[in-house]
Amino acid sequence: PQPLVAEADAVTVKTWLDAGEAILIDVREAPEYQRAHIAGAMLVPLSAFDPQRIPQNGVKVVLQCAVGARSASACAYLQGQGFANLYNLSGGINAWAQAGLPIELG
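This write-up is about the structure you can find in this document. Bear in mind the structure is a predicted one, so any value in this text is a computation, not a measurement.

### Description of the pairing of strand S5 (residues 60-64)
So, point 1. Along S5, five of the five residues are buried, which leaves the element largely enclosed by surrounding structure.
So, point 2. By the alternation rule, side chains of S5 split into Lys60, Val62 and Gln64 and Val61 and Leu63, which are all buried.
So, point 3. Strand direction decides the pairing type here: strand S2 (residues 22-26) and S5, joined by five bridges, are parallel. Bridged to Ile23 within S5 is Val61.
So, point 4. The pairing of S5 with strand S6 (residues 86-89) spans three bridges and is classified as parallel.

Dropping the structure here:
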């Protein structure tokens, strides 16, 4: 069974990011990221996922994808690697956009 992954909604994640309390990791593929992404998100595609690229500097690490499925599996994987302070962005970038939060295009 997959370990339970902590979920955080878009508005909460935005608050954390604005306060410098979290970093955002986008696990989608590069073409998806290039089409649209959340400002400040660091691209670490699931297809070439490297835990070494995830900073562990005491802040929350929020993973996101398009709808929250790929990032949830990446969270579970990182938990298995001993990472803590992990959150999955509920609903991914789609939920972020639905909440009216800014997205960078192109």
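### Structural notes on the environment of Arg35
So, point 1. Examined against the element boundaries, Arg35 turns out to sit in helix H2 (residues 30-35).
So, point 2. For Arg35 and Glu104, which are 69 residues apart along the polypeptide, the C-alpha to C-alpha distance reads 8.4 Å.
So, point 3. Setting aside its immediate chain neighbours within four residues, Arg35 contacts Glu104, Leu105 and Gly106.

### Comments concerning the pattern of salt bridges
So, point 1. Counted according to the given criterion, the structure contains four salt bridges.
So, point 2. The salt bridge involving Lys60 is made with Glu21; its shortest N-O contact spans 3.5 Å. Here Lys60 is found in strand S5, whereas its partner Glu21 is found in the loop between helix H1 (10-18) and S2, with 39 residues between them in sequence.
So, point 3. Its salt-bridge partner being Asp26, residue Arg28 comes within 2.8 Å of it at the nearest N-O pair. Neither residue differs from the other here; Arg28 and Asp26 are each classed as buried.

Calculation notes
- Residues numbered from 1 in each chain as written.
- Predicted model: local features only at pLDDT ≥ 70, side-chain atom pairs only at ≥ 80, totals over all residues.
- Heavy atoms only, no water.
- Buried < 20%, exposed > 50% of the residue type's maximum accessible area, 1.4 Å probe, protein only.
- Helix = DSSP H or I, 4+ residues; strand = E, 2+ residues; numbered from the N terminus.
- Pairing = 2+ DSSP bridges.
- Contact = heavy atoms within 4.5 Å.
- Salt bridge = Lys/Arg side-chain N within 4 Å of Asp/Glu carboxyl O.

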